[in-house]
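# Analysis of the macromolecular model
This is what each chain is made of:
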Amino acid sequence: MYRRALLRRGTIAGASLSALQTTAVSSTAASGTDAAEFEPRGRVSVEGAAETAVDDDGDVAYLAATNGFVTVDVGDPADPSILAEERRIEVDDRRLTEILDVTADGDRLVVPGPANRKSDVFEGFLLYDVSDPADPVRVGEPYETGYHIHNCHLDGDVLYVVANGPEEDPEMPDGNRLDVYDVSDDEVDAIGRWSLLDHDPEWREVYWLARYLHDVYVHDGVAYLPYWNAGTYLLDVSDPSDPQFRSRVRDTALDEQRTIEDAIEAQQALPGNDHYAAVDDAGDLMAVGREAWATDADDAGGPGGIDLYDVTDTEAPERVATIEPPETEDASYRGGEWTTSHNFELRNGHLYSSWYQGGLKVHDVSDPADPVELVSWEDRETAGFWTARVAVPGETIVASSTQLIPGADTEGALYTFPIGSADEERGDDDTAETIPGFAGVASLAGLAGGLAGLKWLRRRDAHE
């Protein structure tokens, strides 16, 4: 893989953000952390930016860019630069469009689309060799699934793809499911699948968008599947050709879900809305993000936060805490200011999270029952963060900003942030210190939280 010195041959320079004005941004920090240090180091414009993946060395970010994808050199976080852009991708005279996700492992990049149901477009995914990220090369044959792909996850040579559609769609006779493909040697072979409706047929009575499989994350032979209002399912994929149910967590009642016929209520309103799920390095702590909005001006619901679960025993998950979303005056879908949770990463006892215009946040989750917000940064007029990823542990976070928020003027861009100031450990005194010009943030640990944290630690230690 290219090292940083070689990656400096990028063609479009990123803008240094050392002169950002505090009138335009808000930054917060817990006691012992200098909020002024947690601000963007660099930024590069990326039209249509959505999801971001990072290469194994943390030198290159791969961005889904709606009508294509972009590779970005982030080896020098103060000066990110575009290496390559692949736009207006076509397969047999049909466009691959609405690319909102990419996934990478080693030198392989997978580009899927479209993210939602469309007609007269290519539905499937392409494989790229990115051993030279400045010159991505399409390999193998395009694979046509016949259904839209909202998200997917590449784990070695195995690709996990979310497959959704109403039962009247001939490609969806078994409803919302996970499809598994072997993509080794630049060939694609379908090797397995798992269906919510096969496992729990009663969900067939629920409106299909209310049981939508939104994403997939795989770690150490376990797949984590956020099925919107049907909850988040954990599957054993140690044999990817034969996924097996382990457990699930759910915040809704099936009887209530049967009554939902309105698409807006099914997609936007809490409870439910399991949107993204991932685990920490050890696989002991799972986070489930709930992307949600108020359905109208009188609705007290939305936006959605992030729930933390002890999954030391993957067959018996236990919720230990909830991280609430940033506030907004209008939490509706078209309110112009989204602060609901989106994509995130758990790494080294920290949660790196994106909240659209609610900003980028870092929490210390070393005691999962008492998550402590360490730092955050937001610019609601300009930045709507889609994801947060660790590029280099202890050094750099990358976060993509999207233009796809209705009624907002947010930009498409990739930001880099320093990770050192974000990773300060919680001190003996959890009380926040207010920094001039900024609001202090840190939660006080209650007795119940402390006991739950001790319980989690004991359970984790027992399994090590």
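Presented here is an overview of the structure given in this document.

Rules used throughout
- Residues numbered from 1 in each chain as written.
- Predicted model: local features only at pLDDT ≥ 70, side-chain atom pairs only at ≥ 80, totals over all residues.
- Heavy atoms only, no water.
- Helix = DSSP H or I, 4+ residues; strand = E, 2+ residues; numbered from the N terminus.
- Buried < 20%, exposed > 50% of the residue type's maximum accessible area, 1.4 Å probe, protein only.
- Contact = heavy atoms within 4.5 Å.
- Areas by Shrake-Rupley, 256 points an atom, 1.4 Å probe, with all protein chains shown as cover.
- Phe/Tyr/Trp six-rings, centres within 6.5 Å; stacked < 30°, edge-to-face > 60°.
- Salt bridge = Lys/Arg side-chain N within 4 Å of Asp/Glu carboxyl O.
- Core = buried A, V, L, I, M, F, W, Y, C linked by side-chain atoms within 4.5 Å.
- Pairing = 2+ DSSP bridges.
- Axes fitted to C-alpha atoms, helices over the stretch in contact; angles between N-to-C directions.
- Patch = residues over 30% accessible without salt bridge, like charges linked within 9 Å, V, L, I, M, F, W, Y side chains within 5 Å.
- Lys, Arg positive; Asp, Glu negative; His and termini not counted.
- Charge placed at Lys NZ, Arg CZ, Asp CG, Glu CD.

This next bit is on the overall build of the chain. In terms of regular secondary structure, the chain is built from five helices and 33 strands. Taking all 464 residues of the chain together, 59% fall into the buried category. Sequence separation of 24 or more characterises 57% of the internal contacts of the chain that already satisfy a separation of 6 or more. Carbon and sulfur atoms provide 43% of the accessible area of the chain, an area that totals close to 17900 Å².

A separate point is the packing of aromatic side chains. A complete count under the given rule lists 23 aromatic pairs for this structure. Grouped by ring-pair contacts, the aromatic residues Phe38, Trp377, Phe385, Tyr415 and Phe417 constitute a single cluster.

Moving on to the pattern of salt bridges. A complete count under the given rule lists 22 salt bridges for this structure. For Glu51, the salt bridge goes to Arg389, with nearest N and O atoms at 2.7 Å. Taken together, the residues span a long stretch of sequence, with Glu51 in the loop between strand S4 (42-45) and strand S5 (52-54) and Arg389 in strand S31 (residues 385-392) at a distance of 338 residues. Taking the shortest distance from any N to any O, the salt bridge between Arg380 and Glu337 comes out at 2.9 Å. Of this pair, Arg380 sits in the loop between strand S30 (372-378) and S31 while Glu337 sits in the loop between strand S26 (318-323) and strand S27 (344-347), and the two are 43 residues apart along the sequence.

With 27 residues, the main nonpolar core has Val102, Leu109, Val111 and Tyr128 as its most contacted residues. Within the residue set of this core, elements represented by two or more residues are strand S6 (60-64), strand S12 (108-113) and strand S13 (124-129). Examining the composition of this core, we find that three residues originate from one element, S6, more than from any other. Here Val102 is in contact with Glu51, Ala53, Tyr62, Leu63, Ala64, Phe69, Leu109, Val110, Val111 and Pro112, once residues within four sequence places are set aside. The next biggest cluster of nonpolar side chains, apart from the first, holds 24 residues, and it includes Val158, Val180, Val218 and Ala230.

Across the sheet, four strands lie side by side as S15-S16-S17-S18; this open sheet has antiparallel pairing. If you trace the sheet from one side to the other, it starts and ends with strand S15 (152-155) and strand S18 (189-195), each paired once. Ignoring strand direction, the axes of neighbouring strands in this sheet form an average angle of 20°. Pairing of S15 with strand S16 (residues 158-163) involves four bridges; the strand directions are antiparallel. When the bridges of S16 are listed, Cys152 appears paired with Val161.

With that out of the way, let us pick up unusual backbone geometry. For the peptide bond that leads from Gly113 to Pro114, omega is -10°, which places it in the cis range. Here Pro114 lies in the loop between S12 and S13. In this model, Leu270 is joined to Pro271 through a cis peptide bond whose omega is 0°. Its identity as a non-glycine residue notwithstanding, Asp186 has a phi of 65°, on the positive side. Within the secondary structure layout, Asp186 lies in the loop between strand S17 (177-182) and S18. With a relative accessible area of 26%, Asp186 lands in the partly exposed category. The phi dihedral of Asp220 is positive, around 50°, even though this residue is not glycine. In this structure, Asp220 sits in the loop between strand S19 (217-219) and strand S20 (222-226).

On to the sheet that holds strand S21 (residues 232-236), then. The strand order S19-S20-S21-S22 describes an open sheet built from four strands, whose pairing is antiparallel. At either margin of the open sheet sits one strand with a lone partner, and together these are S19 and strand S22 (244-249). Going from strand to strand, the sheet's axes swing by 20° on average, the running direction of each strand aside. Of the strand pairs in this sheet, S20 and S21 are connected by five bridges, and their pairing is antiparallel. Within S21, the residue paired with Pro226 across the bridge is Thr232.

A word on a negative patch on the surface. On the surface, Asp92, Asp93, Glu141, Asp157, Asp185, Glu187 and Asp189 cluster together into a patch of negative charge. Relative to the elements of secondary structure, Asp189 occurs in strand S18.

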